[in-house]
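Observations on the model geometry
Okay, here's what each chain looks like letter by letter:
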Amino acid sequence: EVQLVESGGGLVKPGGSLRLSCAASGFTFSSYSMAWVRQAPGKGLEWVSTISSRSRYKSHADSVKGRFAVSRDNAENSLYLDMNSLRVEDTAMYYCARVRGGTTDVCDYWGQGSLVTVST
Amino acid sequence: DIQMTQSPSTLSASVGDRVIITCRASQSISNGLAWYQQTPGKAPKLLIYKASTLETGVPSRFSGNGSGTEFTLTINSLQPDDFATYYCQQYSSYSTFGPGTKVDIK
């Protein structure tokens, strides 16, 4: 059974940093691209970043480019999102998702999310 | 950047109804479109990708159609579990989600 479990969320002040982690199991992690998608409270979904299976390709939304960095450790079956210079508008539930094979950015399995709150 | 719109934003329907949601892209995305279903407090669930390919395990009452800039998600014979918010997503150029369509009980 595919499982994705996020961790690392919490309350942080504007300008602060946070690292989200996603532990994957139940599939061959190193064979899949992975993505982060966020959802502000009461709002819609926003794609944040995608990383290819061997980290060769990484992409980020313009809203986080230069502040967030996606990475992965295939030996540890883990995905990461390093978030710097956090803003109030980054407050959201952050979902880790597996990218469906044969597609780009289509997410077929999702974690339950990790809540990031940026506030004074 | 490719922008996505959805209509309607809210739709009231009854069990057994046929429901159609429209998604439009600001430029052609060929068939690079997916649909997701989300219920409150839960992660989204993939329903359809490549505009019309049903994800494994998704009931056949869900169907997708379209190409280029205009797409539809149809739910035939709406079931109680189908009251949810539906999002389209283009993945032709990076990724953009539509604003969502909430299907609630009439």
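What this report covers is the structure whose coordinates are included nearby. Because the structure is predicted, anything quoted here is derived from the model rather than measured. (Residues numbered from 1 in each chain as written. Chains lettered and ligands numbered in written order. Predicted model: local features only at pLDDT ≥ 70, side-chain atom pairs only at ≥ 80, totals over all residues. Heavy atoms only, no water.)

1. Some points on the interface of chain B and chain A
Residue-level contacts link 18 residues of chain B with 21 residues of chain A. For the pair chain B and chain A, the summed buried surface comes to about 1600 Å²; carbon and sulfur atoms form 57% of the total. Here chain B is connected to chain A by one salt bridge. In this structure, the connection of chain B to chain A is made through seven residue pairs in polar contact (both at pLDDT 80 or more). Among the secondary structure elements, those contributing two or more residues to the side of chain B that touches chain A are strand S4 (33-38), strand S5 (45-49) and strand S9 (85-90) of chain B. The greatest single-element share of the side of chain B that touches chain A, amounting to three residues, is contributed by S4 of chain B. Of the residues belonging to the side of chain B that touches chain A, the class tally is 10 nonpolar, four polar and four charged. (Contact = heavy atoms within 4.5 Å. Buried area = accessible area lost by both parts, 1.4 Å probe. Salt bridge = Lys/Arg side-chain N within 4 Å of Asp/Glu carboxyl O. Polar contact = N/O pair within 3.5 Å; in protein donor to acceptor, adjacent residues only side chain to side chain. Helix = DSSP H or I, 4+ residues; strand = E, 2+ residues; numbered from the N terminus. Nonpolar A, V, L, I, M, F, W, Y, C, P; charged D, E, K, R; others polar.)

2. What to know about the nonpolar core
The biggest cluster of nonpolar side chains holds 44 residues, and the ones touching the most others in it are Trp36, Leu79, Leu81, Met83, Tyr94 and Trp110 of chain A. Counting residues per element, this core draws most heavily on strand S9 (residues 92-99) of chain A, at six residues. With near-sequence residues (within four places) excluded, Leu79 of chain A lies in contact with Leu20, Ser21, Cys22, Phe29, Met34, Ala35, Trp36, Ile51, Val70, Ser71, Arg72 and Cys96 of chain A. Counting 25 residues, the second largest nonpolar core, distinct from the first, contains Met4, Ile21, Ala25 and Tyr86 of chain B. (Core = buried A, V, L, I, M, F, W, Y, C linked by side-chain atoms within 4.5 Å. Buried < 20%, exposed > 50% of the residue type's maximum accessible area, 1.4 Å probe, protein only.)

3. Regarding the layout of surface pockets
Roughly 420 Å³ of volume is contained in the largest pocket. Sorting the residues of the lining of the largest pocket by element identifies strand S5 (45-51) of chain A together with strand S10 (96-97) of chain B as the ones contributing at least two each. A total of three residues in the lining of the largest pocket trace back to one element, the largest contributor, which is S5 of chain A. Of the residues contributing to the lining of the largest pocket, the split by class is seven nonpolar, seven polar and four charged. When its volume is computed, the second largest pocket comes out at roughly 360 Å³. Together, 21 residues line the second largest pocket, and Gln39 of chain A together with Gln38, Pro40, Thr85 and Tyr87 of chain B are the ones closest to its centre. Residue assignment for the lining of the second largest pocket shows that the elements contributing at least two residues are S9 of chain A together with S9 and strand S11 (101-105) of chain B. The element that contributes the greatest number of residues to the lining of the second largest pocket is S11 of chain B, accounting for three residues. Across the lining of the second largest pocket, the residue classes tally to 10 nonpolar, seven polar and four charged. (1 Å grid on protein atoms, 1.4 Å probe; cavity = no way out; pocket = protein on both sides within 12 Å on 5 of 7 lines; lining within 4 Å. Points joined across faces, edges and corners; volume = space filled by probe spheres on them.)

4. What about the state of the cysteines?
With the rule as written, the count across this model stands at two disulfides over all chains. Across the disulfide, Cys23 of chain B is cross-linked to Cys88 of chain B (sulfur-sulfur distance 2.1 Å). Between Cys23 of chain B and Cys88 of chain B, the S-S torsion sits near 70 degrees, and that sign places the bridge as right-handed. Of this pair, Cys23 of chain B sits in strand S3 (residues 19-25) while Cys88 of chain B sits in strand S9, and the two are 65 residues apart along the sequence. Both residues of the pair, Cys23 of chain B and Cys88 of chain B, belong to the buried class. Among the cysteines around Cys107 of chain A, which has no disulfide bond, Cys96 of chain A carries the closest sulfur, lying 9.1 Å off. (Disulfide = S-S within 2.5 Å.)

5. Observations regarding unusual backbone geometry
Between Ser7 of chain B and the following residue, Pro8 of chain B, the backbone shows a cis peptide bond with an omega angle of -5 degrees. Note on placement: Pro8 of chain B falls in the loop between strand S1 (4-7) and strand S2 (10-13). Its identity as a non-glycine residue notwithstanding, Asn77 of chain A has a phi of 55 degrees, on the positive side. Residue placement: Asn77 of chain A occurs in the loop between strand S7 (68-73) and strand S8 (78-83).

6. A closer look at the packing of aromatic side chains
Scanning the entire structure with this criterion turns up eight aromatic pairs over all chains. Ring geometry for Phe27 of chain A versus Tyr32 of chain A: centroids 5.5 Å apart, planes at 85 degrees, classification edge-to-face. You can call Phe27 of chain A buried: its relative accessible area is 14%. For Tyr32 of chain A, a relative accessible area of 23% translates into the label partly exposed. With 6.5 Å between their ring centres and 50 degrees between their planes, Phe68 of chain A and Tyr94 of chain A make a pair best called tilted. Taken as a pair, Phe68 of chain A in strand S7 and Tyr94 of chain A in strand S9 lie far apart in primary sequence, 26 residues in all. Of the residues examined, Phe68 of chain A reaches a relative accessible area of 4% and is grouped as buried. An aromatic cluster is present here, built from Tyr95 and Trp110 of chain A together with Tyr36 and Phe97 of chain B joined pairwise through their rings. Note that Arg98 of chain A overlies the ring of Phe27 of chain A, its terminal NZ or CZ placed 5.0 Å from the centroid. In this structure, Arg98 of chain A packs its charged tip against the face of Tyr32 of chain A, placed 4.0 Å from the ring centre. (Phe/Tyr/Trp six-rings, centres within 6.5 Å; stacked < 30°, edge-to-face > 60°. Lys NZ or Arg CZ within 6 Å of the ring centre and 35° of its normal.)

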